[in-house]
Amino acid sequence: MIRLQNAGKGKEYVGTSNAFIIAQTVIYLAMYLTGIVPFIFLLLVAWCSARPLYPLPSRRNDRNKRPLQTFRPFNIAHRGSNGEIPEESAAAYMKAIEEGADFIETDILATKDGSLICFHDVNLDDTTDIVHHKEFANRKRTYEVQAVNITGYFTVDFTLEELKSLRLKQRYPFRDQQYNGMFSIITFEEFISIALDAPRVVGIYPEIKNPVFINQRVKWSGGKKYEDKFVETLKKYGYKGSYMSKEWLKQPAFIQSFAPTSLIYISNLTNLPKLFLIDDVNIPTQDTNQSYWEITSDNYLDFIKEYVVGIGPWKDNMVPVSGNYIETPSDFVARAHVQNLQVHPYTFRNENEFLHFNFSEDPYNEYDYWINKVGVDGLFTDFTGSLHQFQEWTSPFLSREEDAHKLLDKIALLISKFKHA
Amino acid sequence: MASQSIVPFIFLLLVAWCSARPLYPLPSRRNDRNKRPLQTFRPFNIAHRGSNGEIPEESAAAYMKAIEEGADFIETDILATKDGSLICFHDVNLDDTTDIVHHKEFANRKRTYEVQAVNITGYFTVDFTLEELKSLRLKQRYPFRDQQYNGMFSIITFEEFISIALDAPRVVGIYPEIKNPVFINQRVKWSGGKKYEDKFVETLKKYGYKGSYMSKEWLKQPAFIQSFAPTSLIYISNLTNLPKLFLIDDVNIPTQDTNQSYWEITSDNYLDFIKEYVVGIGPWKDNMVPVSGNYIETPSDFVARAHVQNLQVHPYTFRNENEFLHFNFSEDPYNEYDYWINKVGVDGLFTDFTGSLHQFQEWTSPFLSREEDAHKLLDKIALLISKFKHA
């Protein structure tokens, strides 16, 4: 039991030892108390409920995967390739990996029975077919979330099994609707699975989403709260290590949140790098009720940098917009960089309604501006494929160095011929 | 000479002097300098109505922006005014791209005309003199595009358009269209029995445009003449050997002059016939690769059939906005360019966003860069070796 529990060698040996011990005990007890038939039945039950202890053949963890690129800004697939496929579905994440994302990003919320799921909104109305499920019609509620009353169907009022019966749909009407009704909500663990199954190293970028609301509505046993379960899940799959450490590079991860106390709290639980998200100018932090101006001040950056490696602001606050034209950038990036904080703004989208006129309705011009003029360190994008193409075409991976080395080798060879003559 | 006759004589001399064209070359006309030549190794980047994605279509500013952004050709539509001037303007009527409705002095010029079997009500260019049209101001056609230049620019003439091309710091081709010739010739008359097509070619010749496709003279001042009307193209083939392109409208629209259907003019027989007069065809892109549910389907065989007849294909029109991009392209205009250039294999593209196409081409098929680098390194290697050779 103890041998199997050892997660040091491989995270694939992830037998839930607790469940196994309990099952074993029950079986012995049953054997003693009753007879053989129930015993065999219980044995089968125990067998089926315990997790496999052999490594999955698809888990190519020992192979040499192409490592994470670290020489140019990170391409963060915001909710997966949700420009093409409904957000936060398995398909959207697999598409993002196919399209070249460095990191796949997700928002973690909780269900009524304490499961962690990948879902952005606290309510199900905009991205699922909940309204078509008559069996849940009586679950409609009105809750106050960050000082705003929201009416709808909330994830925290459904069990995981119930949520799994729903189907995801594309949030924006002008995007492809053809996958509506095909995909389910996935769990945090399923999301991690997708990243680990990738043929190259793909990082994860989960968000501690609405922690104040979640902790009000959902309770876990053992006095644990949402942030504890969040980090527990990451650790279960072997995610650890400070930014750019050897272990981190094997399984890269950033933990993001709008709530500073959550980030500070988990800094005692994990040394994985964290990113502090900043909402719009008129929205105070949900946990500390601090204003935009306070949390973007030099003092605050100086304080929060003990806990986070970077900041994630809304891009139109970093470079103000007027009449759909961008104006002079604010000094935010400069101030953050001075404090050695990375800047990962959100969110880049290809559709012309999101592109300011300076960019000639060309998303590549927008990427060019943010990467080469503003100098950000990572970008949350709904169109990870486009960003990847832009980066491949304008800052390709080591190609020049390889060519140069090859030619130097050739020159050396040519010269050596004559040297010994 | 009596003293009374000297004054009129001097006056006439002055008049003759002022009206005659200057006979010295303008200092800005760098025709003798070595301009960077037209690229001919990858599909042509044709700035459709100038950079009208950003600036009101067919204005001087839109064309200058297009040249700045790297266009190979600047494209325009030529219409005529009441007094016979040739102007750059797309619609037969002024309502959608000018501030005509705000000009109360022209309120009584509203008309209804039948143009290609459709009744159009509005203010028509053929009912205004050039001077009157010059008092109007252009505006951006699409509401979702930048409106900040509305009211700033005037309609330009064909000659002004040509001027912009010739003034460019590199060789920039022109791509004018013989637009609505049936309608124009009905409404506007020129002296000497000339018609619209005659004046069109006259203007080109005046500025030195001549030569067959890829000839030395053509490469100095490249030009394509395009039209939806086959008889116009056939007619001008007697007047100029500049390359011509036959445009094809939507499937339900017959040719305005010969009333032939889409199916007839895209047939092998017709391509075989028209290729005597034109070097290429310009179809609407969604007819070449059909669309269903905003997804593209299997391409039609049109490009293959055209290429077999040695005809170029220049489809119209490529736009960056996601409402024009089919879902296969992930709302990324560069994916669309990639598909049409590398999968369909077209020879030129009419685009509202010449800057984006230029970037795509520069990043994926740059101009001679590999060759230059290779040559430089070979030179370096040769130098290194020669050092030892003589030792």
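Residues numbered from 1 in each chain as written. Chains lettered and ligands numbered in written order. Predicted model: local features only at pLDDT ≥ 70, side-chain atom pairs only at ≥ 80, totals over all residues. Heavy atoms only, no water.

## Topic: the overall build of chain B
Thinking step 1. Scanning chain B for helices and strands turns up 15 helices and 13 strands.
Thinking step 2. If one aligns the C-alpha atoms of chain B with their principal axes, the spans along those axes are about 90 × 65 × 45 Å.
Thinking step 3. Contacts in chain B between residues far apart in sequence, at least 24 positions, make up 69% of those at least 6 positions apart.
Thinking step 4. Roughly 18500 Å² of accessible area belongs to chain B as shown, and the carbon and sulfur atoms make up 55% of that amount. (Helix = DSSP H or I, 4+ residues; strand = E, 2+ residues; numbered from the N terminus. Contact = heavy atoms within 4.5 Å. Areas by Shrake-Rupley, 256 points an atom, 1.4 Å probe, with all protein chains shown as cover.)

## Here's the deal with the packing of helix α15 (residues 363-374) of chain A against helix α16 (residues 384-394) of chain A
Residues and elements named next belong to chain A.
Thinking step 1. Taken N-terminus to C-terminus, the directions of α15 and α16 make an angle of 65 degrees; their axes are 10 Å apart at the nearest point. The handedness of the crossing between α15 and α16 is right-handed. For the pair α15 and α16, the contacting residues are Y364, Y367, D368, I371 and N372 in the first and S386, L387, Q389, F390, Q391 and W393 in the second.
Thinking step 2. A per-class count over the contact of α15 with α16 returns six nonpolar, four polar and one charged. (Axes fitted to C-alpha atoms, helices over the stretch in contact; angles between N-to-C directions. Left-handed = near helix turned anticlockwise from the far one by under 90°. Nonpolar A, V, L, I, M, F, W, Y, C, P; charged D, E, K, R; others polar.)

## Details of the UniProt feature "domain: GP-PDE" (unreviewed entry) in chain A
Thinking step 1. In the numbering used here, UniProt assigns the feature "domain: GP-PDE" (unreviewed entry) to residues 73-391 of chain A.
Thinking step 2. Helix makes up 30% of residues 73-391 of chain A and strand makes up 16%, while its end C-alpha atoms are separated by 9 Å. (UniProt positions renumbered as here; feature names shortened; annotations may be inferred.)

## A word on the pattern of salt bridges
Pairing is possible between side chains that carry opposite charge, provided their charged atoms lie close to one another.
Thinking step 1. For the structure shown, the criterion picks out 40 salt bridges over all chains.
Thinking step 2. Among the ionic pairs, E202 of chain B bridges to K199 of chain B, the shortest N-O distance being 3.2 Å. Of the two residues, E202 of chain B and K199 of chain B are both situated in helix α6 (residues 196-206); the distance of three residues between them amounts to about one turn of the helix.
Thinking step 3. Overall, the relative accessible area of 33% leaves E202 of chain B in the partly exposed class.
Thinking step 4. The exposure class of K199 of chain B is partly exposed, given its relative accessible area of 21%.
Thinking step 5. Connected through salt bridges with shared partners, the residues R79, E87, D121 and R171 of chain A form a single ionic network. (Salt bridge = Lys/Arg side-chain N within 4 Å of Asp/Glu carboxyl O. Buried < 20%, exposed > 50% of the residue type's maximum accessible area, 1.4 Å probe, protein only.)

## A word on the packing of aromatic side chains
Thinking step 1. Inspection of every chain in the model, using the stated rule, returns 80 aromatic pairs over all chains.
Thinking step 2. Plain terms: the ring middles of Y179 of chain A and F183 of chain A are 6.1 Å apart, the flat faces sit at 25 degrees to each other, and that makes the pair stacked.
Thinking step 3. Centre to centre, the rings of F303 of chain A and Y307 of chain A are 5.7 Å apart; their planes meet at 65 degrees, and the pair counts as edge-to-face.
Thinking step 4. Under the relative-accessibility criterion, F303 of chain A is labelled partly exposed at 37%.
Thinking step 5. Here the basic side chain of R349 of chain A rests over the ring of F354 of chain A, its NZ or CZ set 5.3 Å away from the ring centre.
Thinking step 6. The ring of Y113 of chain B carries the charged tip of R187 of chain B above its face, separated from the ring centre by 4.0 Å. (Phe/Tyr/Trp six-rings, centres within 6.5 Å; stacked < 30°, edge-to-face > 60°. Lys NZ or Arg CZ within 6 Å of the ring centre and 35° of its normal.)

## Describing the side chain of H90 of chain B
Residue and element names in this part refer to chain B.
Thinking step 1. By the secondary structure assignment, H90 is in the loop between β3 (86-88) and β4 (111-115).
Thinking step 2. H90 sits in the buried class, given a relative accessible area of 19%.
Thinking step 3. Within polar-contact distance, the side chain of H90 engages the side chain of D91 at 2.7 Å.
Thinking step 4. A polar side-chain atom of H90 sits 3.2 Å from a polar atom in the side chain of K179.
Thinking step 5. Once residues within four sequence positions are removed from consideration, H90 is found in contact with R49, E57, E58, D77, L79, R141 and K179. (Polar contact = N/O pair within 3.5 Å; in protein donor to acceptor, adjacent residues only side chain to side chain.)

## Focus on the side chain of Q361 of chain B
Residue and element names in this part refer to chain B.
Thinking step 1. If you trace the backbone, Q361 turns up in helix α14 (residues 354-364).
Thinking step 2. With relative accessibility at 1%, the residue Q361 sits in the buried group.
Thinking step 3. Non-local contacts of Q361, meaning those with residues more than four positions away in its chain, are made with R42, P43, N45, I341 and P366.

## Comments concerning helix α8 (residues 226-236) of chain A
Thinking step 1. If you check which residues of α8 of chain A are buried, you get Y226, E227, D228, F230, V231, T233 and L234 of chain A.
Thinking step 2. The first or second residue beyond α8 of chain A is G238 of chain A, which carries a positive phi of 85 degrees.

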